[in-house]
Each structure stands twice: as C-alpha cells, then as structure tokens.
Amino acid sequence: MIKISIIDGHNLPQSRSTQKGVRYFQVAYAHLGGAYPGQIEIPLKNPGEAFAIGDYTVCLTSFQIGKYKNLELNPFELRLVSIKQQMAKAS
C-alpha cells in the first residue's frame, strides 16, 4: 500500500497559471519506503476538492494502462481513499 499524507500547514489548495488556464493542486507527501517521504502534487479540478489533513492511499481507479501496455498512474486524476475509512470498512 502506498501511503499519502496531507499534513497541517501544507493542506491548502494552491494554483498555478498555465497556457491553458489555471491549474489547482494540493501538496502531499508519498511514503515509498525511503528514509523520508517525497513531496508530490495532487491535481484538483477546483479548490473545493482539496483533501482534509490525514493519511490516504491511492484508489485503484487512479491506475490506467498506458500507450505501451504499462501500468501507470493517471497524472490528471489522482484519486485518494482515506486509510481510516478503509480500516473501518474492513472491521
């Protein structure tokens, strides 16, 4: 399981102007087994979709089969599932 953390002080949605308009994202941290988590950006369609502070895992619907039949994450729609909610459903 890949753990994604949204932490206090880094949880507010941010925006960046691009040639195609405004791009919204949220800063998070991916725990991939190394000494430190890596900083990532979660793409958002609008600022109202920002995730609450907490720990998440990547939803299976975020994966896709790429052009060369490789498994990859969809970079435009990274969906997260709360680890707390997942644990509660399993109990």
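Residues numbered from 1 in each chain as written. Predicted model: local features only at pLDDT ≥ 70, side-chain atom pairs only at ≥ 80, totals over all residues. Heavy atoms only, no water.

A. Quick look at the pairing of strand 2 (residues 14–18). With five bridges joining them, strand 2 and strand 3 (residues 21–31) adopt antiparallel strand pairing. Following the sheet pairing, Arg16 is matched in strand 3 by Arg23. As consecutive antiparallel partners, strand 2 and strand 3 are separated by two residues. (Pairing = 2+ DSSP bridges. Helix = DSSP H or I, 4+ residues; strand = E, 2+ residues; numbered from the N terminus.)

B. The layout of surface pockets, seen in detail. In this structure, the largest pocket encloses a volume near 280 Å³. Forming the walls of the largest pocket are 13 residues, and the residues nearest its centre are Pro43, Leu44, Lys45, Phe76 and Glu77. Counting residues per element, the ones that place at least two in the lining of the largest pocket are strand 3 and strand 4 (38–44). If you tally residues by element for the lining of the largest pocket, the top one is strand 3, at three residues. The class makeup of the residues in the lining of the largest pocket is eight nonpolar, no polar and five charged. (1 Å grid on protein atoms, 1.4 Å probe; cavity = no way out; pocket = protein on both sides within 12 Å on 5 of 7 lines; lining within 4 Å. Points joined across faces, edges and corners; volume = space filled by probe spheres on them. Nonpolar A, V, L, I, M, F, W, Y, C, P; charged D, E, K, R; others polar.)

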